[in-house]
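Read off the chains here:
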Amino acid sequence: MSARLPIAVAVDGSPASDAPLAEALRLAQADNRPLLGVFVLDTGWADYIGNDWQSAAGARQGFLDYIRGQLESQAEAARTQFAAVTRDLPSAHFRVIPGEPLEELCALIARGEAEILVVGPQAFQICGRPSVKTLARDLARRASSLHIV
Amino acid sequence: MTTAKETGFVGKLPGALPGLALLIGTMVVIRLWVEPWMANAVVFGQKGWLIKVTHLNYILLGIIMGMLYRNVLFGGKLPEVFADGFRLSRLFIKTGIILLGSLYTVQAIVKLGALAIFLIGGFVVLSIVMVLWLGKLFGMERSMTGVMANACSICGVSAAVATAPAVEAKAAHVAYAIATILGFGILTMFISPFIGHALGLNDLQYGAWVGTGILNSGQVLAACLAFNPTVAPGTAVSVGEIWNIMRVISIPFAVFAVTVWYWAGHEQPQGQRKSLTTLLVEKFPVFVLGFLGMVLLTSIGAFGDAGIKGGPPASATIKMIRDWMQWIFGIGLVGMGGYIDFKELRQAGGTPLKVGLIVGVTKYVLALVVVLLIRDYLVEI
């Protein structure tokens, strides 16, 4: 019997992830599938602040290091949040993926690493650029088979 | 992920060639074919209508093309093959600003600088105070207020990223501040030339207004060149940029002031405490030193006569440098257009947008009023 593909859920360590995480857990238990928690470490910041070129030697890189630190803390918070909810689910695991949130979540499905993706309407907004505001809507537009809470 | 730091500039160059080729090719087509065609095309029975009425020149056309590449042709994201070349375009603009130093002598800077310091200083302080007050009024988070205060008062993105770590701003705060100031700046970049021409402003008045009223440095440059693409002493870009340089220099001071405000009454964590000297070293814009070096070289006649008003005409070297600058800025600004992401800008909103718009519009309009009031006292160079 071939193993069933996991359900992936976008988790960001904030209360906004509680509902999607609960829904993903419910689906995973009902369907007997593994559960994959995902936090995307947004690598788009360098380009986002790239409109500006009048930087000081330490200002731009200092800022990027600062933001990276914040994103890594948020990733840890997401991991803790995921672990707390899935402690009774042996087939649950968590991954931090660097990249563009929209692209990475789509790629996860495209690569066949998960079959269903659960994303809350405010996923990654606690730590993200304005473009993640419509992440769930953009995902829905890209793939009609996505399950969105 | 490969970065410029890991591979070095030379190692990165081959990967940047496709993007650079696109930027240079775009500017060549615009300057050699599109602009001359627009100047000669007869529309509504009038030759050159397209330029006279729309005020489009190679600068605005370049920025528009960059925006179209990213947002229309490439669907919102620069393809990897072009990304490194577009990133390098920042270097073009920085280099151009350094070369702009050839438009001034030390005496001219001293003459113009005193008024610029007075005006810029006044507007920086006014904007900071206004944002702090509005932040309190609208109940905006203190760290967000700190980022917005410097972003709206000094130099847009540079100031926002320089201030964020010092006031513990969240990533999302910085993102919204940047989206707000860039959105406002892009709008002013396109409408300012129209307003300037409609009000019959001369280069001196326009440069002083735009240099004071527009939030972001790149946009000041673009707005000046859009008004008058000539790069020479006394043109809009020479006035606007000296204003802008004065403001950029104040970044470390403003970061220090806002940090003191943010931590007032609280114990700042040991690792985050920075003296003004440390901030000056860390946050001082390095290219300004290059610009000042160029001013010094021009002043001692290293490139021959500078062509300052009232003096002998510019030497062949100086003329060549100024020709290069037009190309360098043109190519760099296509790249800048390529970094304008409609999707990011559209999603700015909430209180930061409200505060940014109130302060931005106030500053923009007030700067115009002040420049018109003191037009007889503006010093020509």
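Before going into details, it helps to say that this report is about the structure given with it.

Definitions and cut-offs
- Residues numbered from 1 in each chain as written.
- Chains lettered and ligands numbered in written order.
- Predicted model: local features only at pLDDT ≥ 70, side-chain atom pairs only at ≥ 80, totals over all residues.
- Heavy atoms only, no water.
- Helix = DSSP H or I, 4+ residues; strand = E, 2+ residues; numbered from the N terminus.
- Buried < 20%, exposed > 50% of the residue type's maximum accessible area, 1.4 Å probe, protein only.
- Contact = heavy atoms within 4.5 Å.
- Areas by Shrake-Rupley, 256 points an atom, 1.4 Å probe, with all protein chains shown as cover.
- Axes fitted to C-alpha atoms, helices over the stretch in contact; angles between N-to-C directions.
- Parallel < 35°, antiparallel > 145°, perpendicular 65-115°, else oblique.
- Core = buried A, V, L, I, M, F, W, Y, C linked by side-chain atoms within 4.5 Å.
- Salt bridge = Lys/Arg side-chain N within 4 Å of Asp/Glu carboxyl O.
- Phe/Tyr/Trp six-rings, centres within 6.5 Å; stacked < 30°, edge-to-face > 60°.
- Lys NZ or Arg CZ within 6 Å of the ring centre and 35° of its normal.
- Pairing = 2+ DSSP bridges.

A word on the overall build of chain A
And then number 1: For chain A, the count of helices and strands is five helices and five strands.
And then number 2: Going residue by residue from the N terminus, the α and β elements of chain A occur as β-α-β-α-α-β-α-β-α-β.
And then number 3: For chain A, the proportion of its 149 residues judged to be buried stands at 54%.
And then number 4: Considering only intrachain contacts with a sequence separation of at least 6, the fraction spanning at least 24 residues in chain A is 73%.
And then number 5: On chain A, roughly 6400 Å² of surface is accessible, and the fraction owed to carbon and sulfur atoms is 53%.

Points about the packing of helix H10 (residues 236–249) of chain B against helix H11 (residues 251–263) of chain B
Pairs of packed helices are described in terms of their axes, by the angle between the two and the distance that separates them.
Residues and elements named next belong to chain B.
And then number 1: Interhelical geometry of H10 versus H11 gives an angle of 40° and a closest axis separation of 5 Å. The angle between H10 and H11 places the two elements in the oblique class. Two secondary-structure elements touch here, H10 through Arg247, Val248 and Ile249 and H11 through Ile251, Pro252 and Phe253.

Examining the nonpolar core
And then number 1: The biggest cluster of nonpolar side chains holds 171 residues, and the ones touching the most others in it are Trp45 and Leu105 of chain A together with Leu100 and Trp243 of chain B.
And then number 2: The element best represented in this core is helix H6 (residues 142–163) of chain B, accounting for 13 residues.
And then number 3: Excluding residues within four positions of it along the chain, Leu105 of chain A makes contact with Ala10, Val38, Val40, Leu117, Val119, Phe124, Leu135 and Leu139 of chain A.

With respect to the pattern of salt bridges
And then number 1: Inspection of the entire model under this criterion finds 13 salt bridges over all chains.
And then number 2: Asp31 of chain A is paired through a salt bridge with Arg4 of chain A; the nearest N and O atoms lie 3.2 Å apart. Highlighted residues: Asp31 of chain A in helix H1 (residues 18–31) and Arg4 of chain A in the segment before strand E1 (7–10), separated in sequence by 27 residues.
And then number 3: With relative accessibility at 41%, the residue Arg4 of chain A sits in the partly exposed group.
And then number 4: Lys170 of chain B is paired through a salt bridge with Glu141 of chain B; the nearest N and O atoms lie 3.2 Å apart. In this pair, Lys170 of chain B sits in the loop between H6 and helix H7 (171–198) while Glu141 of chain B sits in the loop between helix H5 (106–137) and H6, placing the two residues 29 residues apart along the sequence.
And then number 5: What you see here is one network of salt bridges that share partners, running through Arg4, Asp31, Arg33 and Glu115 of chain A.

Some remarks on the packing of aromatic side chains
And then number 1: In this structure the tally under the stated criterion is 13 aromatic pairs over all chains.
And then number 2: Between Trp45 of chain A and Phe63 of chain A, the aromatic rings sit 5.9 Å apart at their centres with planes inclined by 65°, giving edge-to-face as the arrangement. With Trp45 of chain A in helix H2 (residues 45–48) and Phe63 of chain A in helix H3 (residues 59–85), this pair connects stretches of sequence that are 18 residues apart. This pair shows no difference in class: Trp45 of chain A is buried, exactly as Phe63 of chain A is.
And then number 3: Each member of the aromatic cluster is reached from another via a ring pair, and the members are Phe184, Tyr206, Trp209, Phe227 and Tyr364 of chain B.
And then number 4: Between the NZ or CZ atom of Arg31 of chain B and the centre of the ring of Tyr58 of chain B, over which it lies, the distance is 4.4 Å.

Thoughts on the environment of Glu241 of chain B
Residues and elements named next belong to chain B.
And then number 1: With respect to the helices and strands, the residue Glu241 is situated in helix H10.
And then number 2: Given a relative accessible area of 1%, Glu241 falls into the buried group.
And then number 3: Distance from Glu241 to His173, taken between C-alpha atoms, is 29 Å for residues 68 residues apart in sequence.

Things to note about the pairing of strand E4 (residues 116–119) of chain A
Residues and elements named next belong to chain A.
And then number 1: Both faces of E4 are covered, namely the face carrying Ile116 and Val118 and the face carrying Leu117 and Val119.
And then number 2: The pairing of E1 with E4 spans three bridges and is parallel. Counterpart to Ile7 in the pairing with E4 is Ile116.

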